[in-house]
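Residue-level structural notes
The chain contents come next:
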Amino acid sequence: MAMTPVPMSGGNALMAQAKGALSQVMRMGNQPALRRAMPAILMLGVAVLAVGGWLLLREPARMVLFPGLAEADKARVMDVLGSAGINATVDSVTGQVEVPTGDYHRARMQLAAQGLPQSLPDANDVLTELPMGASRSVEGARLRQAQELDLARSITEISSIAQARVHLALPEKSAFLRDMQPPKASVFVQLAPGRVLEASQVEAIVNLVATSVPGMARGDVSVVDQMGRLLSRGSDDPAAQVSDRQLQHRLEVEKLYRERIEALLTPIAGAGNLSVQVTVDMDFTQSQITEERVDPAATALRSEQSELVESSEPPARGIPGAVANAPPNQADLVPAGEATEAQPLAGAITNRSSGTTRNYEVSRTVETTQPATAQITRISAAILMRAMPPAAPAEEGAPPAPLLPDDLRADLERLAQTAIGFDAERGDTITITAQPFMDTVMVEPPADLSWLPEVLRQLGMIALIAIVALGIIRPLLTRVSMPGEGPAQGGGMNLGGLSGVEVAAGDSLEDVQARLEARRAKLTSAALGANVTREEKFAVLRQIVAEDPGRIASVLQRMMKDDLDRMPGA
């Protein structure tokens, strides 16, 4: 009866192809040449994997140094990091500057020492990116942001400031004056390492922001540093301004006197052997004295006035019954040069008075005196010197030598008095003493263990290579160097393949035991052969002892049984 082949499904066909490919690979692996070259191939593969793992673990992880760093600062950042020996790279995808993780904080410190990064976003970019048709609120927000950026860029031009941010609070305009709110501003400054903002610089920042925004008062500007300290304190308060100026003036005077004393005494005491402190008491009371002096003996005529008053009654004139205000008669003209007779007065003088008024100025002096605002009322200076060891040891019973000789103390006191303008009536004091100074305690910095992770990584790679070499490569080399089973060449004995018995699939326990018996017989015949050397016999015996120690013990017990029976008391 003929059988019709049944078509195989797709999955069975794929499995059959996989089995065929696997069988071909196994046949290729069973070839003698490939089996002989297999250890070398494995060694080469293990070496390649070890080198790849080494390179993978050796490359440190990287971190982005400053996200969003401006292009203008990238070149300078790369130059500074390259000079410091830091392996900085630019990512080809994002364009960010990256450094190894272990050098991240050191890189930021190096850049901070150089004042990098310095660039800030430009206000023109903010206005350029303003979308077409933006609403009024969006436009106002962009304009405020541009103004804040411009102010921040201006503030960062101060050498002590590394970075700055400005926040403006601009209220909406209202048609009612009572609803108007004044604009306010807050300035956040990040100072450069080791820098401090002076009061004059804070005042300049406040004035800069206040005058840049219309309607903003100086008292509505707050300046805060990165430590959370408020630097602007009541700049509109006149009393606070006067107090700050007075304190600053006092500190400057004390510093001037201290530097004068140190400049005079340091050449005598030596550098580092002198400590000077000066305290100046000052009176800032303001007073004004006005004095007026009058000298009665010194007079001067200031003005004079004379007055003469006369009165008379004229006689009656006119014709009764005629008009009283008739025009006068025509005057009689007298030729020039002819003498005229004195005409009698028409009427007699009835009253005459005269007077003279003279004003004299008395000498007077007015003097206004305003003493100096800052008057020094007292100066106190304290000078501490390092006590010098005596030139020669003191004799027994003699009093100890003074730490500061009297003549040297007197010289130092005179120099200090001259330096500060000593005034005994004012109550100035100078104290000079000598004491031994404590030696400077050198605190050792903590050990730098930044190299420990790298060393542990290197040791881990070495351990991995050693494990691979000792656990894989060495057994392969040992197996290749040992000959396979078969007759020994040169009449020698073949001991290869005796370390174990191959068990095939489907073998029962009886088959394995029979194979072991045959192997023991083979070993026994090899041990009793005539051409077997002594070393080979010892090797066979050691192999037998290792595989079946119980049988060897029983054989030795039977061999020693006769001797044990002959022993007395057995």
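Residues numbered from 1 in each chain as written. Predicted model: local features only at pLDDT ≥ 70, side-chain atom pairs only at ≥ 80, totals over all residues. Heavy atoms only, no water.

1. Quick notes on the environment of A469
Which entries qualify depends on this criterion: Here a helix means four or more residues in a row that DSSP labels H or I, a strand means two or more in a row labelled E, and each is numbered from the N terminus. Partly exposed residues are those whose accessible area sits between 20% and 50% of the maximum for their type, while under 20% is buried and over 50% is exposed, using a 1.4 Å probe and protein chains only.
Secondary-structure assignment places A469 in helix α10 (residues 452-481). Under the relative-accessibility criterion, A469 is labelled partly exposed at 28%. Separated by 423 residues in the primary sequence, A469 and V46 have C-alpha atoms spaced 8.8 Å apart.

2. As for the pairing of strand β10 (residues 375-386)
Let me state the cut-off plainly: For two strands to pair, DSSP has to find at least two bridges joining them.
Relative to β10, strand β7 (residues 274-283) runs antiparallel, the two sharing 10 bridges. From the neighbouring strand, M282 faces β10, where its bridge partner is I376. Both β10 and strand β11 (residues 429-435) contribute to a ladder of seven bridges, which runs parallel. Across the sheet, A382 pairs through a bridge with T431, a residue of β11.

3. As for helix α7 (residues 199-212)
What counts is decided by this rule: To estimate how far a helix should extend, the number of its residues minus one is multiplied by 1.5 Å. Contacts are assigned to residue pairs with any non-hydrogen atoms lying within 4.5 Å of each other.
Over its 14 residues, α7 runs 20 Å from end to end, which matches the ideal 20 Å to within 8%, given 1.5 Å per residue. Summarising the contacts, the buried residues of α7 are in contact with α6 (136-155), β4 (161-169), β5 (184-191) and β6 (221-225).

4. What about helix α9 (residues 406-420)?
Definition in use: Of all possible arcs, the one meant is that of the directions from the helix axis to the C-beta atoms.
An ideal rise of 1.5 Å per residue puts 21 Å on 15 residues; α9 measures up with 21 Å between its terminal C-alpha atoms. Among the residues making up α9, those that are buried are L412, A416, A419 and I420. Along the axis of α9, the buried positions cluster into a sector of 80°, meaning they face one direction only. Of the exposed residues in α9, those oriented more than 90 degrees away from the buried face are D406, D407 and T418.

5. Some remarks on the packing of α6 against α7
Worth spelling out the cut-off: Geometry is summarised by axes, namely lines fitted to C-alpha atoms with helices restricted to the contacting stretch, and by angles between N-to-C directions that run from 0 to 180 degrees. When describing relative orientation, an angle under 35 degrees is termed roughly parallel and one over 145 degrees roughly antiparallel, while 65 to 115 degrees is termed roughly perpendicular and anything else oblique. A crossing counts as left-handed when the near helix is turned anticlockwise from the far one by less than a right angle, and as right-handed when that turn is clockwise. In this classification, the charged set is Asp, Glu, Lys and Arg, the nonpolar set is Ala, Val, Leu, Ile, Met, Phe, Trp, Tyr, Cys and Pro, and all remaining amino acids, among them Gly, are polar.
Between α6 and α7, whose axes approach to 11 Å, the crossing angle comes to 155°. As judged from the angle between their axes, α6 and α7 are roughly antiparallel. Note on packing geometry: the crossing formed by α6 with α7 is right-handed. Facing α6, whose interface residues are Q147, L151, S154 and I155, α7 presents I205, L208, V209 and S212. Residue composition of the contact of α6 with α7, by class: five nonpolar, three polar and no charged.

6. Focus on the sheet that holds strand β1 (residues 62-64)
Read across the open sheet, the three strands follow the order β1-β3-β2; overall the sheet is antiparallel. Either end of the sheet is taken by a strand with one partner, and the two such strands are β1 and β2 (89-90). When β2 meets strand β3 (residues 97-100), the two strands line up antiparallel, connected through two bridges. Its bridge partner being in β3, T89 is matched across the sheet by E98.

7. A few points about the nonpolar core
Convention followed: Take the buried Ala, Val, Leu, Ile, Met, Phe, Trp, Tyr and Cys residues and link them wherever side-chain atoms come within 4.5 Å; each set so joined is a nonpolar core.
With 24 residues, the main nonpolar core has Y257, I261, L274, V278, I383, M385 and I430 as its most contacted residues. At the level of elements, α8 (238-269), β7, β10, α9 and β11 are the ones that each hand at least two residues to this core. With residues up to four places along the chain from it excluded, the contact list for V278 reads E254, Y257, R258, I261, I379, S380 and A381. Ranked by size, the runner-up nonpolar core spans 21 residues in total, among them A164, V202, I205 and V223.

8. Some details on the sheet that holds β11
Within the open sheet, the three strands sit side by side as β7-β10-β11. Their pairing is mixed. Each edge of the open sheet is held by one strand with a lone partner, namely β7 and β11. Averaged over neighbouring strand pairs, the angle between their axes works out to 10° when direction is ignored. Running at roughly 140° to β11, α9 makes contact with β10 and β11 of the sheet.

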